[in-house]
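Observations on the three-dimensional arrangement
The primary structure of each chain is shown beneath.
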Amino acid sequence: STVPEAPAAPIGPKYKEEEEKPHATVSKPIKHSNVHILPQTPQLIALLTMIRDKSTVRGDFIFYSNRIIRLLVEEGLNHLPVISSSVTTPIGHTYSGVKFEGKICGVSIMRAGEAMEQGLRDCCRSVRIGKILIQRDEETSKPRLFYDKLPEDIAQRYCLLLDPMFATGGSATMAVEVLISRGVPEERILFLNLIASPEGIRSFAERFPLLRIVTAFVDQGLDEKNYIIPGLGDFGDRFYCI
Ligand code: URA
């Protein structure tokens, strides 16, 4: 195979010696300041193991995917600006904290990206969520924009772009171009995905150097049908159908 070998690491808490810990494949590292890979914790690796397993049934696939989506959203929110906020506690003392500054919105790339909407809503009450439908044109086999519905004031918002599988990046590139054409500055776009391919990340980082990517895992590569390897198959089918 031409796909480079995946890195393995001992996984587990400190109560065991390193050499006694099980080894698991961890994310490929990516040296780019705008690519943020979730910490490869035992929890995350166990959740990914569940959703990658072809024998995992749909109910479990949804449950464990939702846990990873929650981690991605929480990490994504860490990349939004905050301002100082001092509050008084019930016992009359001051606590110097922060609060979020600025408005956000979600934008899901249909259909699979819609699976990430609830995770965003769970963290950001009444968040506005737009949608973009991009499909491969049968004749040209290039991605084509079929539909979009985005908040009118999207240019004033930080955008969390949602798509679970970042393979070639064809649809995501088109989605980002739609957002930029509506006035969203590249640096206010965060692309959240569960599994990314090194090819997709590389092409994105070159094309949109200011956009931030938050992913749970960078896999080994793509197969001849542009499925991510080892991946988890078709995310939309597993979340919605099978
Ligand atoms: N979309 C998926 O659902 N899975 C892949 O592996 C690639 C794209």
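As a reminder, the structure under discussion sits directly above these lines.
The sections below set out a description of the structure shown in this document. (Residues numbered from 1 in each chain as written. Predicted model: local features only at pLDDT ≥ 70, side-chain atom pairs only at ≥ 80, totals over all residues. Heavy atoms only, no water.)

Before going further, it helps to spend a moment on the overall build of the chain. The helix and strand tally for the chain stands at 6 helices and 14 strands. At 19 Å, the chain has a C-alpha radius of gyration in line with the 18 Å of a compact globule built from 242 residues. With respect to the principal axes defined by its C-alpha atoms, the chain has extents near 60 × 55 × 35 Å. A burial count over the chain gives 44% of its 242 residues as buried. Looking at the chain alone, contacts between residues at least 24 apart form 59% of all its contacts between residues at least 6 apart. (Helix = DSSP H or I, 4+ residues; strand = E, 2+ residues; numbered from the N terminus. Rg over C-alpha atoms; globule rule 2.2 N^0.38 Å. Buried < 20%, exposed > 50% of the residue type's maximum accessible area, 1.4 Å probe, protein only. Contact = heavy atoms within 4.5 Å.)

Within helix α1 (residues 42–52), burial applies to L44, I45, L47, L48 and I51. For α1, the angular spread of buried residues about the axis comes to 160°, placing them on one side. In this structure, the buried residues of α1 make contact with β2 (23–25), α2 (58–77), β11 (189–196), β12 (212–218) and α6 (235–240). (Arc of directions from axis to C-beta.)

Counting residues in hydrophobic clusters, the biggest one holds 42 residues, and the most contacted among them are I68, L72, I104, L120, L160, L194 and F235. For this core, the elements supplying multiple residues, two or more each, are α1, α2, β9 (157–162), β11, β12 and α6. Not counting residues up to four positions away in its chain, the partners in contact with I68 are L44, L47, L48, I51, L194 and A216. Of all hydrophobic cores here, the second largest spans 26 residues; its members include C105, A175, V178 and F191. (Core = buried A, V, L, I, M, F, W, Y, C linked by side-chain atoms within 4.5 Å.)

All right, on to the site of the ligand then. For the ligand, the full set of nearby residues is M165, A167, N226, Y227, I228, G233, D234 and F235. Note that an oxygen atom of the ligand is positioned 2.8 Å from one of the backbone N or O atoms of F235. In isolation the ligand exposes 240 Å². Once the protein is present, 81% of that is buried. Looking at side-chain class alone, the shell around the ligand contains 5 nonpolar, 2 polar and 1 charged residues. (Near = heavy atom within 4 Å. Polar contact = N/O pair within 3.5 Å; in protein donor to acceptor, adjacent residues only side chain to side chain. Areas by Shrake-Rupley, 256 points an atom, 1.4 Å probe, with all protein chains shown as cover. Nonpolar A, V, L, I, M, F, W, Y, C, P; charged D, E, K, R; others polar.)

Right, let's get into unusual backbone geometry. If a residue is not glycine, its phi is most likely negative; likewise, a peptide bond is most likely trans. The omega torsion across M110 and R111 is 0°, close enough to zero to call that bond cis. Examined against the element boundaries, R111 turns out to sit in the loop between β6 (103–110) and α3 (117–123). Cis geometry marks the peptide bond from I229 to P230; its omega dihedral reads -5°. Locating P230 in the fold gives a position in the loop between β14 (228–229) and α6.

Counting buried residues in β9 gives 6 out of 6 residues, a clear majority hidden from the surface. Burial along β9 is two-sided: R157, C159 and L161 facing one way and Y158, L160 and L162 facing the other are all buried. One ladder, built from 6 bridges, connects β6 with β9; its direction is parallel. Each bridged residue has a counterpart across the sheet, and for S108 the counterpart in β9 is L162. Both β9 and β11 contribute to a ladder of 4 bridges, which runs parallel. The residue bridging L160 from the neighbouring strand is L190, located in β11. (Pairing = 2+ DSSP bridges.)

Inspection of every chain in the model, using the stated rule, returns 10 salt bridges. Between K21 and E18 there is a salt bridge, and its shortest N-O distance comes to 2.8 Å. When its relative accessible area of 8% is taken as the criterion, K21 is described as buried. Residue E18 is classed as partly exposed on the basis of its relative accessible area, which comes to 44%. (Salt bridge = Lys/Arg side-chain N within 4 Å of Asp/Glu carboxyl O.)

A few words on the side chain of N193. Residue position: N193 is located in strand β11. Relative accessible area serves as the criterion here: at 0%, N193 is assigned to the buried category. A distance of 2.7 Å separates polar atoms of two side chains, one belonging to N193 and the other to T215. What N193 contacts, discounting residues up to four positions off in sequence, is L72, M116, D163, P164, F166, I213, V214, T215 and A216.

So, on to a nonpolar patch on the surface. Taken together, V82, V98 and F100 make up a surface patch of nonpolar side chains, about 300 Å² in accessible area. Following the sequence through the fold, V98 ends up in strand β5 (residues 94–100). (Patch = residues over 30% accessible without salt bridge, like charges linked within 9 Å, V, L, I, M, F, W, Y side chains within 5 Å.)

On their own, these measurements won't tell you what the molecule is for.
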